[in-house]
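Single-letter residue listing:
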Amino acid sequence: MSKLLPTQEIGSLAKPRWRIKGYRGKPLSKEDMAEAIDWGRKLEIPDLKELVKLLNERDSPSKRRGILEWSAIYAIRFFKAAGLDVFFDGEQWRSEMYEHVIRQTAGFNSLGYIKSFDYRYFNKAACINKPQYTNSFYLDEFLFTKENTEKEIKVPFTGPYTLVDWTFNEYYEKKLSHKIMDFKQRKFEAKKNFLFDLIKEVIRPEIKKLVDSGAKWIQIDEPAATTNPTDEEMRLFVECFNETVKDFNCTFSLHNCYSNYEILAKYACDLRNCSQLALEFANRDSRQAKVGNERAGYKEIELFEEYGFRGDYGLGVVDVHTNFIEPPKLVRNRILHVAKMIGDPSRIYVSPDCGLRTRFWEISLRKLKNMVSGAELARNAVK
Amino acid sequence: MIGCYVTGIFPRLTELIECTRIYARGRINASDLEKAFEDATTKIVNAQVSAEFSYVTDGMLRWQDMLRPFIKGLGGVKMGSLARWFNNNVFYRKPIIVDTIRRNKSIFKEATYIGYLPKNFRWKAILPAPYTFAQLSENQFYKDKTELMFEYAEILKEEIKSLTQLGFKYVQLSDPALVYEPIATSLSRTELDYVSEALRVAVEGTSIKTCVQTFFGDFCQILPEAIDFPVDHLGIDLYATDFEKLKEYSFEKGVAFGLVDSRNSLVEEPDELVTVTKEIVESIYPSKMGEVFVCPNCDLEFLPWERAHEKMKIIRSVTKRLREEFS
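Quick caveat: nothing in here was measured; it's all calculated off a predicted structure.

## Regarding the overall build of chain B
Then, number 1: For chain B, the count of helices and strands is eleven helices and eleven strands.
Then, number 2: Judged by the C-alpha coordinates and their principal axes, chain B covers about 55 × 45 × 35 Å.
Then, number 3: Within chain B, the proportion of its 327 residues that are buried is 51%.
Then, number 4: Partitioning the contacts of chain B with sequence separation of at least 6, the portion at a separation of at least 24 is 74%.

Structure, rendered in structure tokens:
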């Protein structure tokens with residue numbers, strides 16, 4: 001991008017209540033309707049009466065589709081109002097990054113909830129057959145976003161390594177049960193077979209559809225990238241990324257957060273066709289707007305540099321897990337600190353740590369606006 | 001003797017999951033939630049009894065994670081941020097050690113539904129081992145993690161005394177950090193001696209059976225030193241351990257074989273598990289066979305309850321078959 005220190009978001013935005021309830025066919029309260037209208041006015045969305053009419057309709061496939069479209073329009077306007085340079089639709093069409101793909105791909109069977117921590121759970125599926133591409137899971141939302149913004153679009157795409165890591169591998173382990181006697185070796189071979197089948201049968205066909213339809217930039221989301229931090233597994237992760245993106249005429253980037261960056265840094269320069277690493281740092285950093293060499297949250301950038309990564313950084317300067325509104329000066333100082341470390345501000349895309357789906361819209365908007373202002377301050381400082 | 005048991009926290013049953021979720025949203029009160037925990041505990045205990053397990057646990061449903069009761073129950077420990085539980089998509093709260101660790105009451109007793117354990121069965125307790133506790137904690141107080149490990153071993157000693165008095169006949173010390181590759185590869189032989197010594201402190205003078213249960217990593221990494229650990233049984237995760245290397249060693253003490261995979265929903269074929277166990281047992285016990293246990297390779301909580309229940313039945317069937325084979 002020609003603009004210095006462009007700003008971007010990472011993916012998800014919270015879903016409004018009218019989107020969640022309306023899509024499920026549940027009745028909306030007065031407050032839910034008021035939320036739709038208030039935000040519609042704030043974001044200067046035209047034809048709000050049409051949305052109200054739709055929300056009052058009986059549940060039907062066309063109503064559900066309409067709600068997804070309206071919700072995406074809200075998110076697109078939201079990011080535009082925040083002043084971002086690169087964005088998508090807040091993932092308003094997706095139930096969740098994992099389930100959205102698994103539910104629309106043949107070969108998986110949802111087994112129910114597994115504890116993530118305390119009273120939080122995630123829905124885990126088993127792979128019970130060779131994965132098969134049945135229908136596109138990102139194309140419609142991409143085409144809709146493309147129609148509704150002139151800004152640069154980055155499509156968030158759940159990566160195959162994460163999909164496999166979060167799924168029970170029944171099919172491939174069973175297939176190898178009489179071929180490899182050692183359980184450990186069998187597990188690893190089965191994982192590889194699952195990964196590369198998924199990439200070939202499902203992931204690449206979807207990427208091809210997106211690219212053929214005009215997608216110029218796809219962000220591969222791999223929160224599980226460093227879950228298995230052994231050399232063998234990290235090499236597998238790299239191979240998997242490279243296989244996913246190879247030979248497409250498109251820009252690719254990688255998003256990874258709340259992970260072990262000491263490990264990721266060692267392997268980052270082996271990622272081919274990976275223009276940007278979008279990483280979470282604000283969460284690790286102090287909130288003081290101090291300058292100098294004291295930005296502890298960003299120290300691991302040094303490792304990426306030492307290991308030879310020369311691509312761009314999607315620099316997380318906004319913590320998505322707190323309601324603290326980062327002042328523009330803090331954002332500026334974080335950017336300038338890293339610009340000095342890497343000696344080249346043109347390699348920085350200013351970003352939140354991750355998607356903002358856990359924050360209320362009021363908070364997210366204030367955070368993003370300050371991020372944009374902070375980027376402007378940094379731009380003026382380096383000019 | 002060939003027995004069987006579980007090695008960790010059970011999955012929550014569907015009804016309990018629903019109750020915890022609505023409790024978190026403020027739609028039921030603490031006593032309704034407690035009732036749901038008790039009902040689920042009854043079902044889990046009954047399932048172990050039906051599966052004829054040699055030792056029975058309460059299912060550990062109250063344990064939000066393996067370390068949480070110690071964060072809540074120990075003086076000198078604060079609750080830290082969420083951290084990944086080894087290489088799983090599951091998280092635990094890091095204990096932060098800010099002062100001398102102190103035990104003012106029985107931590108295990110507080111966290112366990114002792115009243116729900118069946119009277120005519122032998123009871124098993126599961127606690128974090130010294131090395132794993134020290135490795136997973138953030139130490140802001142002691143000179144180093146070794147000192148913390150020994151201090152915690154003293155706490156464990158008191159815990160084991162207390163649970164022995166309560167009537168428990170078996171204590172498992174869970175030690176995944178000892179074999180988890182990213183940590184274990186840097187473990188020196190001297191450190192393994194310290195690990196052994198800390199275990200000695202913890203189990204010294206106890207009259208009940210003791211076990212160090214390892215998982216998420218290759219047991220061969222700590223061989224041959226682990227053979228001399230001062231416990232009765234050694235637990236091995238067979239889904240993370242190289243069979244052929246394991247077979248090169250000779251054991252005298254008992255072994256708990258993590259034969260059923262808690263991290264995959266695929267239900268194992270008993271025939272294969274029997275064959276594998278026979279081969280390993282015949283290799284590692286060249287003269288006299290030690291006590292052997294069939295168990296899951298780690299906590300069953302990584303599975304949905306229905307699948308965990310099916311796997312308990314597999315454990316039962318494999319144990320029976322092995323008893324016939326070795327009778």
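On we go from here.
## So, the sheet that holds strand β7 (residues 217-221) of chain A
Consider a sheet: its strands pair through backbone hydrogen bonds, and that pairing is either parallel or antiparallel.
All names here are of chain A.
Then, number 1: Taken in spatial order, the six strands make up an open sheet running β5-β7-β8-β9-β10-β11, and their pairing is parallel. With one partner strand each, in any of the chains shown, β5 (155-158) and β11 (348-352) form the two edges of the open sheet. Across this sheet, the average inter-strand angle for adjacent strands is 25 degrees, counted without regard to direction.
Then, number 2: Bridge count for strand β10 (residues 312-318) against β11 is five bridges, and the pairing is parallel. When the sheet's bridge partners are listed, V318 is paired in β11 with P352.

## What about the confidence of the model for chain B?
Then, number 1: Within chain B, residue pLDDT values average 97, and 100% of them lie at 70 or more.
Then, number 2: Confidence estimates for the predicted assembly give a pTM of 0.95 and an ipTM of 0.96.

## Concerning the interface of chain B and chain A
Then, number 1: With 32 residues of chain B in contact, the opposing surface of chain A contributes 29 residues.
Then, number 2: Counting only elements with at least two residues in the side of chain B that touches chain A, the list comes to α1 (14-24), β3 (74-84), β4 (91-103) and α7 (181-184) of chain B.
Then, number 3: For the side of chain B that touches chain A, the residue count by class is 15 nonpolar, eight polar and nine charged.

## With respect to the nonpolar core
Then, number 1: Grouped together as the largest cluster of nonpolar side chains are 112 residues, with contacts concentrated most on Y152(B), L199(B), F257(B), V294(B) and C295(B).
Then, number 2: At eight residues, the largest contribution of residues to this core is made by helix α6 (residues 145-166) of chain B.
Then, number 3: F257(B) has contacts with I236(B), L238(B), T277(B), V292(B), F293(B), V294(B) and C295(B), leaving out every residue within four places of it along the chain.
Then, number 4: One finds F281(A), A282(A), F304(A) and L315(A) within the second-largest nonpolar core, a separate group that totals 102 residues.

## Comments concerning the environment of L303(A)
Residues and elements named next belong to chain A.
Then, number 1: Residue position: L303 is located in helix α12 (residues 301-306).
Then, number 2: For L303, a count of 16 C-beta atoms within 10 Å corresponds to the partly exposed category.
Then, number 3: Between the C-alpha atom of L303 and that of K200, which follows or precedes it by 103 residues, the distance is 33 Å.
Then, number 4: Setting aside chain neighbours within four positions, we find L303 in contact with Y261, E262 and A265.

## A few points about the sheet that holds strand β11 (residues 292-296) of chain B
All names here are of chain B.
Then, number 1: Across the sheet, eight strands lie side by side as β1-β11-β10-β9-β8-β7-β5-β2; this open sheet has parallel pairing. Each edge of the open sheet carries a strand with a single partner, namely β1 (2-4) and β2 (55-56).
Then, number 2: The sheet contact formed by strand β7 (residues 170-174) and strand β8 (residues 209-213) spans five bridges and is parallel. Note on β8: the bridge partner recorded for Q172 is C211.

## Notes on helix α11 (residues 261-268) of chain A
Then, number 1: Residues of α11(A) that are buried include every one of Y261(A), I263(A), L264(A), A265(A) and A268(A), and no others.
Then, number 2: Next to the buried residues of α11(A) lie α10 (231-245), β8 (251-256), β9 (276-279) and α12 of chain A.

## Quick word on helix α11 (residues 305-326) of chain B
Residue and element names in this part refer to chain B.
Then, number 1: The first and last C-alpha atoms of α11 sit 31 Å apart over 22 residues, in line with the 32 Å expected at 1.5 Å per residue.
Then, number 2: If you check which residues of α11 are buried, you get W305, R307, A308, K311, M312, I315, V318, T319 and L322. Looking straight down α11, one finds that the buried residues subtend no more than 145 degrees of arc, so they occupy a single side.

## Examining the environment of A225(A)
All names here are of chain A.
Then, number 1: In this structure, A225 sits in the loop between β7 and α10.
Then, number 2: A225 sits 31 residues away from N256 along the chain, and the two C-alpha atoms are 7.0 Å apart.
Then, number 3: Those residues in contact with A225, other than ones at most four positions away along the chain, are Y161, F237, N256, S259 and L264.

Rules of the game
- Residues numbered from 1 in each chain as written.
- Chains lettered and ligands numbered in written order.
- Predicted model: local features only at pLDDT ≥ 70, side-chain atom pairs only at ≥ 80, totals over all residues.
- Helix = DSSP H or I, 4+ residues; strand = E, 2+ residues; numbered from the N terminus.
- Buried ≥ 20, exposed ≤ 12 C-beta atoms within 10 Å, placed from the backbone.
- Contact = placed C-beta atoms within 7 Å.
- Pairing = 2+ DSSP bridges.
- Axes fitted to C-alpha atoms, helices over the stretch in contact; angles between N-to-C directions.
- pLDDT = per-residue confidence, 0-100.
- Nonpolar A, V, L, I, M, F, W, Y, C, P; charged D, E, K, R; others polar.
- Core = buried A, V, L, I, M, F, W, Y, C linked by C-beta atoms within 7 Å.
- Expected span 1.5 Å × (residues − 1).
- Arc of directions from axis to C-beta.

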